[in-house]
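These are the residues of each chain, in order.
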Amino acid sequence: VKAPAKKGYWDSGWKNYLSLLISEENGVERTNYPLRATVGIMSKYFNSPDEIRVVKAEKAGSDVSYTEIPHQVYDLVRWEDQKLLSAEERDEKTGKLITRYHPTATLSIAFLANLKPYEKATYIVFYNNAQAKKPSFRTDLRVKGKGLGKTIENSFYKVVLHPKSGMIYEIYEKETGIKLEHKLETNGAIHWNPDAYSPPHAWYHCSDWENPAYTEEAGPVFYRLIRSAPLPHFKDVVASITYYFYKDSPLIIIESIMEVKNDLFL
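First things first, this report covers the structure right here in the doc. (Residues numbered from 1 in each chain as written. Predicted model: local features only at pLDDT ≥ 70, side-chain atom pairs only at ≥ 80, totals over all residues. Heavy atoms only, no water.)

**A word on the overall build of the protein chain**
Reasoning step 1: Counting its regular elements, the protein chain contains one helix and 18 strands.
Reasoning step 2: Here the C-alpha atoms of the protein chain give a radius of gyration of 24 Å, more than 25% beyond the 18 Å that 2.2 N^0.38 yields for 266 residues.
Reasoning step 3: Along the longest, intermediate and shortest principal axes, the C-alpha atoms of the protein chain span 75 × 55 × 35 Å.
Reasoning step 4: Residue burial in the protein chain is summarised as follows: out of 266 residues, 37% are buried.
Reasoning step 5: The long-range fraction of contacts in the protein chain, counting pairs at least 24 apart against all pairs at least 6 apart in sequence, stands at 59%.
Reasoning step 6: On the protein chain, roughly 16,000 Å² of surface is accessible, and the fraction owed to carbon and sulfur atoms is 51%.
Reasoning step 7: In the protein chain, which carries 35 positive and 34 negative side-chain charges, the distance between the mean positions of the two groups comes to 7 Å. (Helix = DSSP H or I, 4+ residues; strand = E, 2+ residues; numbered from the N terminus. Rg over C-alpha atoms; globule rule 2.2 N^0.38 Å. Buried < 20%, exposed > 50% of the residue type's maximum accessible area, 1.4 Å probe, protein only. Contact = heavy atoms within 4.5 Å. Areas by Shrake-Rupley, 256 points an atom, 1.4 Å probe, with all protein chains shown as cover. Lys, Arg positive; Asp, Glu negative; His and termini not counted. Charge placed at Lys NZ, Arg CZ, Asp CG, Glu CD.)

Okay, here's the thing in structure tokens:
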């Protein structure tokens, strides 16, 4: 059998790829919708995050078209336990070497997808090209300021974070010109939670934080801020909040976890 003469590959400089099959299942049109995927790649096929490319594959008549998509690679972890790698184990009968462990890299990839209602799409992640240079993508995302008191801005909004807690303090919505603010209780932030109320103690919120431990990640697709600390005056209640601010999108994604380490009347 002879394969049809179509484009079978985006670029031969990249030796390996994996596919992300995306499905819109709620009947909603997705415009610049944030997606994140965590993948594992065997280390011998992976050199650095700079070589990663995300490409959308689409039918173009009887052919296939490929469009490179701006992306951001983050949270890279290499699993290369030298003790396991140096351990030698052989089959009792054949004497052949048994391999139980392959060095692996795990990493997360963020990009924006555009899907019509109920549409299915294929996004291909290419890797294994040691000659690839770090890509450069246009972005409308800007982050300014020091410490927790950042100002994050894109085409849709400008968000100011509180300098002590890192909570959302002001939102300026560019299309309407509306400014959202509070600036009264719990240090004046708009975003208060998670929180805990255990009488006779006062009601304590994450917006009452003062200089919680934090990490941040900045790139062309998103800015991420992660804070984690006990609630004020509740050492056994630990909260973590993650903010994601994206380019070319009005969406702000917030993830939070609250862990109660000991029994508490709440």
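This is not the end of the story, as more comes after the structure.
**Side note on the side chain of Asn154**
Reasoning step 1: Checked against the element boundaries, Asn154 lands in the loop between strand 9 (151-153) and strand 10 (157-161).
Reasoning step 2: From its side chain, Asn154 meets the backbone oxygen of Ser249 in a polar contact 2.9 Å long. (Polar contact = N/O pair within 3.5 Å; in protein donor to acceptor, adjacent residues only side chain to side chain.)

**Some words on the sheet that holds strand 4 (residues 63-69)**
Reasoning step 1: What the four strands build is an open sheet, ordered 1-7-3-4; its pairing is antiparallel. Each edge of the open sheet is held by one strand with a lone partner, namely strand 1 (16-23) and strand 4. Taking each pair of neighbouring strands and ignoring which way they run, the sheet shows an average axis angle of 30°. (Pairing = 2+ DSSP bridges. Axes fitted to C-alpha atoms, helices over the stretch in contact; angles between N-to-C directions.)

**Here we look at a nonpolar patch on the surface**
Reasoning step 1: Taken together, the side chains of Met258, Val260, Leu264 and Leu266 make up a nonpolar region of the molecular surface, amounting to roughly 320 Å² of accessible area.
Reasoning step 2: Relative to the helices and strands, Met258 is located in strand 18 (residues 252-260).
Reasoning step 3: Look at Met258 and you get partly exposed, because its relative accessible area is 34%. (Patch = residues over 30% accessible without salt bridge, like charges linked within 9 Å, V, L, I, M, F, W, Y side chains within 5 Å. Salt bridge = Lys/Arg side-chain N within 4 Å of Asp/Glu carboxyl O.)

**Re the sheet that holds strand 15 (residues 213-218)**
Reasoning step 1: Read across the open sheet, the four strands follow the order 15-16-17-18; overall the sheet is antiparallel. Two strands close off the open sheet at either side, each with one partner strand: strand 15 and strand 18. In this sheet, adjacent strand axes meet at a mean angle of 10° when their direction is disregarded.
Reasoning step 2: Where strand 15 and strand 16 (residues 222-231) come together, six bridges link them in antiparallel fashion. Across the sheet, the residue bridging to Glu216 is Leu225, located in strand 16.

**Details of the packing of aromatic side chains**
Reasoning step 1: As enumerated under the stated definition, the model contains 15 aromatic pairs in all.
Reasoning step 2: Plain terms: the ring middles of Trp10 and Phe126 are 5.3 Å apart, the flat faces sit at 40° to each other, and that makes the pair tilted. Separated by 116 residues along the polypeptide, Trp10 in the segment before strand 1 and Phe126 in strand 7 (residues 120-127) bring together distant segments of the chain.
Reasoning step 3: Residue classification places Trp10 among the partly exposed residues on the basis of a relative accessible area of 22%.
Reasoning step 4: An angle of 25° between the planes, with centres 6.4 Å apart, marks the rings of Tyr223 and Phe245 as stacked. (Phe/Tyr/Trp six-rings, centres within 6.5 Å; stacked < 30°, edge-to-face > 60°.)

**Quick look at the nonpolar core**
Reasoning step 1: Val159, Leu161, Cys206, Leu231, Tyr243 and Phe245 are the most contacted members of the largest nonpolar core, which has 24 residues in total.
Reasoning step 2: Of all the secondary-structure elements, those providing two or more residues to this core are strand 10, strand 11 (168-173), strand 16 and strand 17 (234-246).
Reasoning step 3: Leaving out residues up to four positions away in the same chain, Val159 has contacts with Lys150, Thr151, Ile152, Ile168, Glu170, Ile171, Phe245 and Ile252.
Reasoning step 4: Formed by 21 residues, the second largest nonpolar core is a distinct cluster that contains Leu20, Ala37, Ile41 and Ile109. (Core = buried A, V, L, I, M, F, W, Y, C linked by side-chain atoms within 4.5 Å.)

**Things to note about the side chain of Arg53**
Reasoning step 1: When you line up the elements, Arg53 lands in strand 3 (residues 53-60).
Reasoning step 2: Take Arg53: its relative accessible area is 7%, and that puts it in the buried class.
Reasoning step 3: Beyond its immediate stretch of four places on either side in the chain, Arg53 contacts Trp10, Trp14, Glu68, His71, Ile124, Val125, Phe126, Ala132, Lys133 and Pro135.

**Examining the pattern of salt bridges**
Reasoning step 1: Under the criterion given, the structure shown has 15 salt bridges.
Reasoning step 2: For the salt bridge of Arg90 with Glu88, the shortest nitrogen-to-oxygen distance reads 3.2 Å.
Reasoning step 3: For Arg90, a relative accessible area of 44% translates into the label partly exposed.
Reasoning step 4: For Lys183, the salt bridge goes to Glu170, with nearest N and O atoms at 2.5 Å. Note that Lys183 is positioned in the loop between strand 12 (178-181) and strand 13 (195-197) and Glu170 in strand 11, a separation of 13 residues in sequence.
Reasoning step 5: Take Glu170: its relative accessible area is 16%, and that puts it in the buried class.
Reasoning step 6: One connected set of salt bridges, linked through shared partners, spans Glu170, Lys179, Glu181 and Lys183.

**So, the environment of Asn32**
Reasoning step 1: Considering the arrangement of structural elements, one finds Asn32 in strand 2 (residues 30-42).
Reasoning step 2: Since its relative accessible area comes to 21%, Asn32 is described here as partly exposed.
Reasoning step 3: Along the sequence, Asn32 and Leu76 sit 44 residues apart, while their C-alpha atoms lie 24 Å from each other.
Reasoning step 4: If near-sequence neighbours (up to four positions away) are discounted, Asn32 is found in contact with Leu112, Ala113, Asn114, Asp248 and Ser249.
Reasoning step 5: Only 3.0 Å separates the side chain of Asn32 from the backbone oxygen of Asp248, close enough to count as a polar contact.

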